[in-house]
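Read off the chains here:
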Amino acid sequence: MTIPQELAALITQLDRELDHIEELATEGLNLVRPLLERFPDNVIFIGLLATLNNALFFSNNCKNRIQIIIESFSTANIAIEVIQEAGEDLAELLGRVIEAKMQVSRIVARLKNFP
């Protein structure tokens, strides 16, 4: 069975958001690492590094979860309940992804403004 159009659009949006998280987190890591070299015991920088690494881990896990959902549609006769559950899972995941993107964006902005 093919993926319904609404779910395909949701998956596309999730992929874009996750790619953006990865770009932002990588940028943030590139900003925080030199600061940690200068201030290795700074708890705030250590926390920011951990949060950015967690964002990359989260993004990777989300992509794996999306792939599992996509693979569930390979069954020829998929029940409508399964499709509905997949849609609910993806919508819930989108909310969490947007929250993560906002958090990473704030961190990167803070790092860019650091003297």
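See the structure shown above.
Residues numbered from 1 in each chain as written. Predicted model: local features only at pLDDT ≥ 70, side-chain atom pairs only at ≥ 80, totals over all residues. Heavy atoms only, no water.

## Re the packing of aromatic side chains
Within this structure, the stated rule accounts for 2 aromatic pairs. Between Phe 39 and Phe 45, the aromatic rings sit 6.1 Å apart at their centres with planes inclined by 40 degrees, giving tilted as the arrangement. Note on Phe 39: relative accessible area 34%, which makes it partly exposed. The class for Phe 45 is buried, based on a relative accessible area of 5%. Taken together, the aromatic side chains of Phe 39, Phe 45 and Phe 114 make up a single cluster linked through ring pairs. (Phe/Tyr/Trp six-rings, centres within 6.5 Å; stacked < 30°, edge-to-face > 60°. Buried < 20%, exposed > 50% of the residue type's maximum accessible area, 1.4 Å probe, protein only.)

## What to know about the nonpolar core
Core analysis: the largest hydrophobic core is formed by 33 residues, its most contacted members being Leu 52, Leu 90 and Val 97. For this core, the secondary structure elements donating two or more residues are α1 (5-38), α2 (43-72) and α3 (80-112). (Core = buried A, V, L, I, M, F, W, Y, C linked by side-chain atoms within 4.5 Å. Helix = DSSP H or I, 4+ residues; strand = E, 2+ residues; numbered from the N terminus.)

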